Amino acid sequence: MRLISRLPGSLRVQLVSWIVIPLIIIAAINLWVSWNTSEKMADLVTDRMLTASARAIGEATAASGNTLDAIVPPVAIEMFSTGDGDHVYYSVATSDHQLLTGYPDLPAPPVLKDFDPVYFYGSYRNQPVRLVALRHPIVAASAELSQSVDVIVGVTLAGHTNIARGLWLDSVSQQLVLIAFAAALSLLGLRYGLRPLMKLRDNVLRRGRDLEPFDQAAVQTELQPLVAALNQYMDRVRKQMAAQRRFIQNAAHQLRTPIATLTTQASFALRTKDKDEQAEVLTSIKTSAMLLARLAAQLLTLSRAEPGSRRPRADRVDLIEAGQLVLESLAGKAFDRRIDLGFEASTAAAIVTGDGTMLREMIVNLVDNALTYTPEGGSVTLGIARDGDLIHLTVEDTGPGIPENEREHVFERFYRIAGVKADGSGLGLAIVREVTEGAEGTVTLSEARTGGLLVTVTLPANSTIANQPA
Ligand SMILES: Nc1ncnc2c1ncn2[C@@H]1O[C@H](COP(=O)(O)OP(=O)(O)OP(=O)(O)O)[C@@H](O)[C@H]1O
Ligand SMILES: [Mg+2]
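Residues numbered from 1 in each chain as written. Chains lettered and ligands numbered in written order. Predicted model: local features only at pLDDT ≥ 70, side-chain atom pairs only at ≥ 80, totals over all residues. Heavy atoms only, no water.

Asks: Before we move on, can you summarise the site of ligand 1 with the specific residues and values?
Replies: Around ligand 1 lies a shell of 21 residues, among which Arg-294, Asn-369, Tyr-373, Arg-416 and Leu-429 are the nearest. Asp-397 has a polar side-chain atom sitting 2.9 Å from a nitrogen atom of ligand 1. Between ligand 1 and the protein, one listed contact pairs an oxygen atom with a backbone N or O atom of Ser-425 at 3.0 Å. Expressed as a share of its isolated accessible area of 590 Å², the protein-covered part of ligand 1 is 97%. Given that more than half its atoms are within 2 Å of the pocket grid, ligand 1 belongs to the largest pocket. (Near = heavy atom within 4 Å. Polar contact = N/O pair within 3.5 Å; in protein donor to acceptor, adjacent residues only side chain to side chain. Areas by Shrake-Rupley, 256 points an atom, 1.4 Å probe, with all protein chains shown as cover. 1 Å grid on protein atoms, 1.4 Å probe; cavity = no way out; pocket = protein on both sides within 12 Å on 5 of 7 lines; lining within 4 Å. Sits in = over half its atoms within 2 Å of the grid points.)

Below is the structure:
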């Protein structure tokens with residue numbers, strides 16, 4: 001059965017095989033059974049003829065006085081001339097084994113009981129023969145003289161084989177016709193049976209880019225789950241496409257504002273003759289260009305962090321090392337904003353499995369937010385701790401924090417809390433969430449002891465590498 005399900009490609013071939021292979025097995029068993037039956041039939045016919053012949057010989061044997069006269073009537077031999085060229089052998093002997101007539105060394109029967117015929121196979125003159133032996137009573141004038149003779153008649157097997165073969169071949173041809181008929185019918189049935197499936201396929205192909213659901217009630221019961229699954233899938237694709245569209249619209253909108261500003265600034269720089277003013281405008285142009293570059297970088301990072309956008313990576317990433325690198329890269333910004341940027345690690349190594357670049361981007365965004373939204377003179381601390389199989393990365397600041405009712409929204413793409421003055425596009429925390437979920441972790445926002453924001457990212461520690469405690 002495994003063999004059938006392993007057959008490649010065509011469902012039609014599989015289904016036909018399910019019908020034809022068992023049919024062939026059944027037919028094979030049947031042919032064997034019918035060969036045995038044909039043999040038995042041939043035995044029966046041959047045995048009847050042998051008995052008739054032996055009885056005729058027995059009847060023709062008569063007692064005259066003390067002696068027995070065995071005469072073989074021609075009919076006893078002629079009944080075997082069926083055109084198969086068989087040889088007939090016989091012998092008539094007294095009950096004390098004295099041969100009266102016939103062939104002297106015919107194979108002896110097993111045991112003769114009463115007057116019942118005994119049938120057996122034997123070999124005579126190097127040919128297999130079927131034989132009968134029977135004891136026939138000879139009635140004489142006086143009871144003392146009544147005795148019996150043992151008659152044996154044997155015949156070669158050409159006729160027997162022809163009968164068996166003829167019967168068997170009849171049966172074979174009938175079965176072959178039946179199998180062919182069944183196969184043709186099942187093919188026809190399949191053709192009609194598979195029609196709804198083909199129709200569904202054509203419908204799907206004809207759809208093109210249309211993602212409207214199929215009418216589930218219009219298909220056969222067995223196909224309804226398939227159509228339901230197809231509809232669910234299309235629904236997911238539709239939602240995803242809508243999200244993509246929204247994302248592109250938002251991105252375009254975000255890009256339009258700084259580009260418009262750039263254009264205005266450039267026009268102004270071209271108009272003014274004043275060198276100082278020109279230098280000032282060029283500085284703002286540079287700032288706008290940098291904002292634009294950052295927005296483009298954030299968009300790129302977000303699209304890379306999305307599931308399925310690139311091959312998932314399973315780097316061994318040491319969060320302590322990554323954290324240190326991030327702090328070094330942001331030290332300038334901390335200095336400019338007079339913020340005390342600190343690092344606290346309570347474990348010697350914090351190895352997690354994930355995409356190294358993306359994990360670093362995540363830390364950059366968290367520390368960058370803290371440095372951006374904490375007023376000058378405040379402090380920002382990056383912490384890394386280990387708790388069993390989990391690694392907690394925290395970023396704590398002394399800024400205004402995020403009100404509870406905003407905590408879920410700030411993870412949405414392009415979402416910014418109303419009234420924030422700092423530049424930004426609202427993508428940072430969306431990136432953080434995508435990256436954490438990609439590494440099978442979680443991120444939560446809460447209030448720090450200092451009143452600012454505490455962001456906690458929890459990731460599973462790499463189980464294959466020992467993360468020793470400090
Ligand atoms: N540490 C923080 N303290 C206070 N508010 C924060 C902090 N981090 C984020 N926020 C708020 O959450 C909003 C969303 O942050 P997010 O990092 O997603 O976007 P952004 O910083 O505005 O822009 P981007 O990071 O893409 O340049 C921010 O606009 C800010 O209002
Ligand atoms: Mg940000």
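Asks: Provide a residue-level description of the side chain of Thr-372, including the pertinent values.
Replies: The residue Thr-372 is located in helix H9 (residues 356-373) in this model. By relative accessible area, which is 16% here, Thr-372 ends up buried. Those residues in contact with Thr-372, other than ones at most four positions away along the chain, are Lys-333, Arg-337 and Ala-422. (Helix = DSSP H or I, 4+ residues; strand = E, 2+ residues; numbered from the N terminus. Buried < 20%, exposed > 50% of the residue type's maximum accessible area, 1.4 Å probe, protein only. Contact = heavy atoms within 4.5 Å.)

Asks: Lay out the pattern of salt bridges with the relevant residues and their values.
Replies: Counted by the stated rule, this structure contains 14 salt bridges. A salt bridge links Arg-130 to Asp-47; the nearest nitrogen and oxygen atoms lie 2.7 Å apart. Of this pair, Arg-130 sits in strand S6 (residues 127-138) while Asp-47 sits in helix H2 (residues 11-60), and the two are 83 residues apart along the sequence. Of the charged contacts in the structure, one is a salt bridge between Asp-210 and Arg-207, with a shortest N-O distance of 3.9 Å. A residue is classified by how much of its surface remains accessible, and Arg-207, at 22% relative accessible area, is partly exposed. (Salt bridge = Lys/Arg side-chain N within 4 Å of Asp/Glu carboxyl O.)

Asks: How would you explain the packing of helix H5 (residues 195-207) against helix H6 (residues 224-271) if you had to name every residue and give the values?
Replies: Contact geometry for H5 and H6: axes closest at 12 Å, N-to-C directions at 15°. When the axes of H5 and H6 are compared, the pair comes out roughly parallel. Every pair of crossing elements has a handedness; the one defined by H5 and H6 is right-handed. Of the residues in H6, those in contact with Leu-197, Leu-200, Val-204 and Arg-207 of H5 are Leu-226, Val-227, Leu-230 and Met-234. Per-class residue counts for the contact of H5 with H6 are seven nonpolar, no polar and one charged. (Axes fitted to C-alpha atoms, helices over the stretch in contact; angles between N-to-C directions. Parallel < 35°, antiparallel > 145°, perpendicular 65-115°, else oblique. Left-handed = near helix turned anticlockwise from the far one by under 90°. Nonpolar A, V, L, I, M, F, W, Y, C, P; charged D, E, K, R; others polar.)

Asks: How would you explain the sheet that holds strand S9 (residues 340-345) if you had to name every residue and give the values?
Replies: On the basis of which strands lie adjacent, the open sheet formed by five strands has the order S9-S11-S12-S14-S13 and mixed pairing. For this open sheet the edge positions go to S9 and strand S13 (442-447), each flanked by a neighbour on one side alone. Neighbour-to-neighbour, the strand axes of the sheet open up by a mean angle of 15°, direction not taken into account. The pairing of strand S11 (residues 379-387) with strand S12 (residues 390-397) spans eight bridges and is antiparallel. Pairing of Arg-386 across the sheet is with Ile-391, part of S12. Along the sheet, helix H8 (residues 319-336) contacts S9, S11, S12 and strand S14 (453-460); its crossing angle with S9, the most-contacted strand, is approximately 175°. The sheet contacts of helix H10 (residues 428-438) involve S13 and S14, and relative to S13 the element is tilted by about 135°. (Pairing = 2+ DSSP bridges.)

Asks: Tell me about H5, residues and numbers included.
Replies: Spanning 13 residues, H5 covers 18 Å between terminal C-alpha atoms, matching the ideal 18 Å at 1.5 Å per step. Trailing H5 by a residue or two, Gly-208 shows a phi angle of about 65°, which is positive. (Expected span 1.5 Å × (residues − 1).)

Asks: Can you break down the domain arrangement of the protein residue by residue, with the values?
Replies: Reports of interface size often rely on the accessible area that becomes lost once the parts have come together. Under the domain assignment, the protein is made up of domain 1 (29-164), domain 2 (207-311) and domain 3 (313-460). Taken together, the contact pairs 17 residues of domain 2 with 17 residues of domain 3. Interface area for domain 2 against domain 3, summed over the two sides, is near 1,500 Å², with a carbon-plus-sulfur share of 62%. Seen at the junction of domain 2 and domain 3, the total is two salt bridges. In this structure, the salt-bridge partner of Arg-294 is Asp-368, at a minimum N-O distance of 3.5 Å. Here domain 2 is connected to domain 3 by three residue pairs in polar contact (both at pLDDT 80 or more). (Domains from an automatic or database assignment. Buried area = accessible area lost by both parts, 1.4 Å probe.)

Asks: Before we move on, can you summarise a negative patch on the surface with the specific residues and values?
Replies: On the surface, Asp-274, Asp-276, Glu-277 and Glu-280 cluster together into a negatively charged patch. Along the chain, Glu-280 turns up in helix H7 (residues 275-305). By relative accessible area, Glu-280 is classed as exposed at 58%. (Patch = residues over 30% accessible without salt bridge, like charges linked within 9 Å, V, L, I, M, F, W, Y side chains within 5 Å. Lys, Arg positive; Asp, Glu negative; His and termini not counted. Charge placed at Lys NZ, Arg CZ, Asp CG, Glu CD.)

Asks: Provide a residue-level description of the side chain of Thr-51, including the pertinent values.
Replies: As for its position among the elements, Thr-51 is in helix H2. Residue classification places Thr-51 among the buried residues on the basis of a relative accessible area of 12%. Within the structure, Thr-51 has its side chain in polar contact with the side chain of Tyr-119 (distance 2.7 Å). Leaving out residues up to four positions away in the same chain, Thr-51 has contacts with Pro-117, Tyr-119, Val-132 and Leu-134.

Asks: Outline the environment of Gln-98, listing residues and values.
Replies: With respect to the helices, strands and loops of the structure, Gln-98 is situated in the loop between strand S3 (88-94) and strand S4 (99-102). On the basis of relative accessible area, Gln-98 is assigned to the exposed category, the value being 52%. Spatially, the C-alpha atoms of Gln-98 and Arg-238 are 105 Å apart, while their sequence positions differ by 140 residues. When residues no more than four places from it in sequence are discounted, the contact partners of Gln-98 are Val-92 and Ala-93.

Asks: If you had to explain the nonpolar core to someone new, which residues and values would you point to?
Replies: Counting 49 residues, the largest nonpolar core has Leu-319, Ile-363 and Leu-393 as its most contacted members. The biggest single contributor to this core is H9, with eight residues. When residues of this core are assigned to domains, at least three map to each of domain 2 (207-311) and domain 3 (313-460). Non-local contacts of Ile-363, meaning those with residues more than four positions away in its chain, are made with Leu-319, Ala-322, Gly-323, Val-326, Leu-382 and Leu-393. (Core = buried A, V, L, I, M, F, W, Y, C linked by side-chain atoms within 4.5 Å.)

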